[in-house]
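# Geometric and topological summary
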Number of protein chains: 2
Amino acid sequence: MTDPAAVVDAFIAAIERRDMAAAVVHLADDVEYDNVPMGKTVGADAVAAALGPFIERCTVVDWPVHRQVADGPIVFNERLDRFQLGDHWIEMPVTGVWEVHDGRITLWRDYFDLATYTSQMAAATGG
Amino acid sequence: MTDPAAVVDAFIAAIERRDMAAAVVHLADDVEYDNVPMGKTVGADAVAAALGPFIERCTVVDWPVHRQVADGPIVFNERLDRFQLGDHWIEMPVTGVWEVHDGRITLWRDYFDLATYTSQMAAATGG
């Protein structure tokens, strides 16, 4: 599978199944994962270590894509990333900028509002 | 001019010239301008009223586009929106989701981190 949009779709589908091992297959070894207001994680193993425990803690992960456009190696998508933690839902409006080369994701950069995340996480974890 | 990406480019070029009257020509009468973490402004006149005074206060407005992809009426772009206020530069990493129909922008939705903006504005205005 080398179509950039299809690779992004497959990665997101694996995340929604909370299957980090299946997701990481779609990442380049030196992938840059940039959560813009939080910082960057570099490398497929580091992304798995950062994201895997969180998605495994969730009972449901649901990332509906509202719009997606691709051109060459570049994919943009507008999503609502939803995570169920116990009785709480965390809902994050996000736009992702992706680059896919030779069938693997080399860049995954998400733009979102950090306080929208931290305030919902605090409510969900009682923090 | 009806090409969606060209319309977005022309709108941004007018904003960079700090010419709100030239920019507003590219907006549909019922445009939705959604600054995701702040809220929505509806209508070309309301957008001009909200944005015009701010860009006129700036000495320089510079919005370099790092990536832009279009498909049909949809345009995504990844930008660094830069505003000079007095001796201060405010720099905002932003992703925009646009829809253009019949040569006019019907949706302009920017995803960014609100605190990245408010903290720089406070420094620039001494607030």
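In what follows, the structure referred to is the one given above.
What comes next concerns the included structure. Computed from a predicted model, the values in this text were never measured in an experiment. (Residues numbered from 1 in each chain as written. Chains lettered and ligands numbered in written order. Predicted model: local features only at pLDDT ≥ 70, side-chain atom pairs only at ≥ 80, totals over all residues. Heavy atoms only, no water.)

## Points about the pairing of strand E2 (residues 39-42) of chain B
Residue and element names in this part refer to chain B. Sheet topology places strand E1 (residues 27-35) next to E2; 4 bridges connect them, and they run antiparallel. By the bridge assignment, Glu 32 is partnered in E2 with Val 42. Two successive antiparallel strands, E1 and E2, enclose a turn made up of 3 residues. (Pairing = 2+ DSSP bridges. Helix = DSSP H or I, 4+ residues; strand = E, 2+ residues; numbered from the N terminus.)

## Observations concerning the packing of aromatic side chains
Residue and element names in this part refer to chain A. Taken as a whole and assessed by the stated rule, the structure comprises 15 aromatic pairs over all chains. A ring pair is formed by Trp 98 and Trp 108, whose centres lie 5.1 Å apart and whose planes are at 5°; its orientation type is stacked. With Trp 98 in strand E6 (residues 88-101) and Trp 108 in strand E7 (residues 104-111), this pair connects stretches of sequence that are 10 residues apart. Owing to a relative accessible area of 0%, Trp 98 belongs among the buried residues under this scheme. (Phe/Tyr/Trp six-rings, centres within 6.5 Å; stacked < 30°, edge-to-face > 60°. Buried < 20%, exposed > 50% of the residue type's maximum accessible area, 1.4 Å probe, protein only.)

## A short note on the pattern of salt bridges
This structure, assessed with the given rule, holds 22 salt bridges over all chains. Two residues, Asp29(A) and Arg104(A), come together in a salt bridge whose shortest N-O distance is 3.0 Å. A residue pair is termed long-range when its members are at least 10 positions apart, and Asp29(A) in strand E1 (residues 27-35) and Arg104(A) in strand E7 qualify at 75 residues. On the accessibility criterion, Asp29(A) (59% relative accessible area) is exposed. Take Arg104(A): its relative accessible area is 33%, and that puts it in the partly exposed class. Residues joined by salt bridges that share partners form a network here, namely Glu32(A), Asp34(A), Lys40(A), Glu99(A), Arg109(A), Arg67(B) and Glu78(B). (Salt bridge = Lys/Arg side-chain N within 4 Å of Asp/Glu carboxyl O.)

## Re the pairing of strand E4 (residues 65-71) of chain A
Residue and element names in this part refer to chain A. As paired strands, E4 and strand E5 (residues 74-85) are joined by 6 bridges and run antiparallel to one another. Residue pairing across strands places Arg 67 opposite Glu 78, the latter belonging to E5. Counting the residues in the hairpin turn of E4 and E5 gives 2 residues, including Gly 72, whose phi is positive at 60°.

## What to know about the interface of chain B and chain A
Every contact between the two is made by 23 residues of chain B and, on the other side, 23 residues of chain A. Here chain B packs against chain A, burying approximately 1800 Å² in sum over the two surfaces, 64% of which is carbon and sulfur. Of all residues in chain B, Arg67(B), Phe76(B) and Tyr111(B) give up the largest surface area on contact with chain A, accounting jointly for 35% of the area buried on that side. Counting every contact that joins chain B to chain A gives 4 salt bridges. The salt bridge partner of Arg67(B) is Glu99(A), with a shortest N-O separation of 2.9 Å. In terms of residue class, the side of chain B that touches chain A is built from 14 nonpolar, 3 polar and 6 charged. (Contact = heavy atoms within 4.5 Å. Buried area = accessible area lost by both parts, 1.4 Å probe. Nonpolar A, V, L, I, M, F, W, Y, C, P; charged D, E, K, R; others polar.)

## Details of the environment of Glu32(A)
Residue and element names in this part refer to chain A. For Glu 32, the position within the fold is in strand E1. On a C-alpha basis, the gap between Glu 32 and Val 47 in space is 8.7 Å, while along the polypeptide they are 15 residues apart. The residues touching Glu 32, leaving out its near neighbours within four places in the chain, are Lys 40, Thr 41, Thr 106, Leu 107, Trp 108 and Arg 109. Among the polar contacts made by the side chain of Glu 32, one reaches the side chain of Arg 109 at a distance of 3.2 Å. (Polar contact = N/O pair within 3.5 Å; in protein donor to acceptor, adjacent residues only side chain to side chain.)

## Observations regarding the relation of the copies chain B and chain A
Expressed as a screw transformation, the operator carrying chain B onto chain A has a rotation angle of 180° and an axial translation of 0.0 Å, and the superposed copies differ by an RMSD of 0.0 Å. Expressed as a symmetry operation, the mapping of one chain copy onto the other fits a two-fold axis. For chain B, the minimum C-alpha distance to the rotation axis belongs to Asp113(B) and amounts to 2.0 Å. Comparing contact sets, 100% of the residues at the interface of chain B also lie at the interface in chain A, consistent with an isologous, same-surface contact. (Least-squares fit on C-alpha atoms with pLDDT ≥ 70 in both.)

## Observations concerning the environment of Thr41(B)
Residues and elements named next belong to chain B. Mapped onto the secondary structure, Thr 41 falls in strand E2. When the C-alpha positions of Thr 41 and Ala 10 are compared, they lie 20 Å apart, and in sequence the two are 31 residues distant. Ignoring anything within four residues of it in the chain, the contact list for Thr 41 reads Val 31, Glu 32, Tyr 33, Ala 46 and Val 47.

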